Amino acid sequence: MALLEVDSISVSFGGIKALTEVSLKVEEGQMVGLIGPNGAGKSTTISVISGLRNPNAGKVVFDNRNMLKAGVHRRVEYGMTRTFQRLELWDSMSVYDNVRTAAEFAARSRTDFDPKQAAEEAISELGLGDVVEYSTSQLPTGTARLVEVARALASRPKLMLLDEPSAGLDSTESERLGHVLAAVVRRGVSILLVEHHIDMVFQHCQQVFVLDFGRLIADGDPQAVQNDENVRAAYLGGHHGATV
């Protein structure tokens, strides 16, 4: 059984269908991409998986547990963590304290790691050693993004849900982040990556799912998805103006 199984989830906002029977899987030790044009439903999918939004139908199974009755904190305890499309850092705290606090929260319900060591390792892995004493409010957006990823990593998760982690990063930073995430996966952590940086997705993900207007229109390995006519139509259509 996959580490994460999303089965036929649907979400409606009033009369608007944000997601319609979306299903996807993430295996252990795998990086999976979730892509699609703006407004396709990617962040809504992440919010359902992480417990911030309840679906109208369908289910989420994580590590053989049905998650629909599990709150956000319970999902974190089970080994799920996420980042947000909009930065959600504690601006009054330093980089180190942001990351260390996340590790301390995780340690409350687990005894399998030292939070100090976990925080230091995450900071090192994301290359943040030079800014550990800075308040996150002093950081450029690109660096703050890396802090958010480090904070998610510091809880030693089984699954990381990353919502646009390269937003605000330049091409060099994005390339480095892609390699860091690939190294995290090689250590056995699974990642569901929502990302506008398509090159990162196709380079590092083993499986890619594509949403458009709240529906899954394609899934497969990166090469198959790149060649899919429905994906090309979604990205090249006049109402989206993007390329794939």
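Structure report, in brief.

Each value, and the rule that gives it
- Residues numbered from 1 in each chain as written.
- Predicted model: local features only at pLDDT ≥ 70, side-chain atom pairs only at ≥ 80, totals over all residues.
- Heavy atoms only, no water.
- Phe/Tyr/Trp six-rings, centres within 6.5 Å; stacked < 30°, edge-to-face > 60°.
- Lys NZ or Arg CZ within 6 Å of the ring centre and 35° of its normal.
- Salt bridge = Lys/Arg side-chain N within 4 Å of Asp/Glu carboxyl O.
- Helix = DSSP H or I, 4+ residues; strand = E, 2+ residues; numbered from the N terminus.
- Buried < 20%, exposed > 50% of the residue type's maximum accessible area, 1.4 Å probe, protein only.
- Pairing = 2+ DSSP bridges.

This structure, assessed with the given rule, holds zero aromatic pairs. Here the guanidinium or amino end of Arg 65 rests over the ring plane of Tyr 78, the centre of that ring lying 4.0 Å away. It is Arg 82 that lies over the ring of Phe 84; its NZ or CZ is 4.0 Å from the centre.

The full count for this structure, using the stated rule, is nine salt bridges. Two residues, Asp 163 and Arg 82, come together in a salt bridge whose shortest N-O distance is 3.7 Å. Placement of the pair is Asp 163 in strand S7 (residues 159-163) and Arg 82 in strand S6 (residues 80-82), with a sequence separation of 81 residues. The pair formed by Asp 163 and Arg 82 is uniform in burial state, with each residue classed as buried.

What follows concerns the pairing of strand S1 (residues 4-13). By the bridge criterion, seven bridges tie S1 to strand S2 (residues 16-26) in an arrangement that is antiparallel. What sits directly across from Glu 5, in S2, is Lys 25. The antiparallel hairpin formed by S1 and S2 contains two residues in its connecting segment, where Gly 14 sits at a positive phi of about 65 degrees. Pairing geometry for S1 and strand S4 (residues 57-62), over five bridges, is antiparallel. By the bridge assignment for S4, Ser 10 is matched with Ala 57.

So, about unusual backbone geometry. The phi dihedral of Ser 8 falls on the positive side, at around 55 degrees, and the residue is not glycine. Within the secondary structure, Ser 8 is located in strand S1. Of note, Asn 64 is a non-glycine position whose phi angle comes to about 65 degrees, a positive value. With respect to the helices and strands, the residue Asn 64 is situated in the loop between S4 and strand S5 (65-66). A relative accessible area of 56% means that Asn 64 is categorised as exposed.

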